[in-house]
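# Tertiary structure, described
Given next are the chains, with one letter for each unit.
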Amino acid sequence: MIEENSRMEKGGTKLVIGAGNKYMGKEYTRLDNDPAAKPDILYDLTQFPWPFKSDSVEEIIAEDVLEHLPNIPRTMAEVYRILKKGGTIQIDCPYAHSFGAFEDPSHVHYLMPESFEAFFTVKGDMRRMGGGKLFTLEKIHLEKNSKLKWMPASLLKFIMNGIVEFTVILKK
């Protein structure tokens, strides 16, 4: 686990967690728990603390990974710890009412953008949520079902598979 910190210190302060076989460019360090994916860092994201220094990462991409992790509040607290001030996390997940959310039996959460409100508003009790620090919301994007693009997203949220994926970008 020492190698990953030296790789991060050599230039890349961008991290892809749960990277699988995705390649985002040489400036990104890929972290995954599956050796078959040949990640730069082989690591189980359910183990805390993660093997990075506090305030050391400028960007985290979490594409199709948070729905697999059992403790999202603790995960988000860890994201906050390792992000530099002004750093961002991009979260991409299947929308809770989409077929994609239910097709994978390894999903332990069914999420929507509102699932992350506790981390960027004062609505959530952050002590209970495992954090205490708030992010700033930068962006929410809803990916509509291509056959229903003509419908407003406000209605599609309530139709099964109307919204298929979402992206939330949070800033420290």
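Residues numbered from 1 in each chain as written. Predicted model: local features only at pLDDT ≥ 70, side-chain atom pairs only at ≥ 80, totals over all residues. Heavy atoms only, no water.

## Let's talk about the layout of surface pockets
Its boundaries defined by the atoms lining it, the largest pocket holds a volume of some 190 Å³. If you go around the largest pocket, the residues you meet are Gly 18, Leu 31, Asp 32, Asn 33, Tyr 43, Asp 44, Leu 45, Thr 46, Asp 64, Val 65, His 68 and Leu 69. A breakdown of the residues in the lining of the largest pocket according to their chemical character gives five nonpolar, four polar and three charged. (1 Å grid on protein atoms, 1.4 Å probe; cavity = no way out; pocket = protein on both sides within 12 Å on 5 of 7 lines; lining within 4 Å. Points joined across faces, edges and corners; volume = space filled by probe spheres on them. Nonpolar A, V, L, I, M, F, W, Y, C, P; charged D, E, K, R; others polar.)

## Structural notes on the pairing of strand β4 (residues 57-63)
The element β4 is extensively covered by neighbouring structure, given that five of its seven residues are classed as buried. Alignment of strand β1 (residues 14-17) against β4, held across four bridges, turns out to be parallel. Within the sheet, the bridge partner assigned to Val 16 lies in β4 and is Ile 61. By the bridge criterion, six bridges tie β4 to strand β5 (residues 83-94) in an arrangement that is parallel. Each bridged residue has a counterpart across the sheet, and for Ile 60 the counterpart in β5 is Ile 89. Crossover connection from β4 via helix α2 (residues 72-82) to parallel β5: handedness right-handed. (Buried < 20%, exposed > 50% of the residue type's maximum accessible area, 1.4 Å probe, protein only. Helix = DSSP H or I, 4+ residues; strand = E, 2+ residues; numbered from the N terminus. Pairing = 2+ DSSP bridges. Right-handed = clockwise from strand over helix to strand, strands pointing away.)

## A short note on the confidence of the model for the protein
Mean pLDDT over the protein: 87, with 85% of residues reaching 70 or higher. Looking across the protein, the model is least confident in helix α1 (residues 2-9), with a mean pLDDT of 47, and most confident in β4, with 97. Scored below 50 in pLDDT, residues 1-6 makes seven contacts in the model with residues more than four places away or belonging to other chains. (pLDDT = per-residue confidence, 0-100. Contact = heavy atoms within 4.5 Å.)

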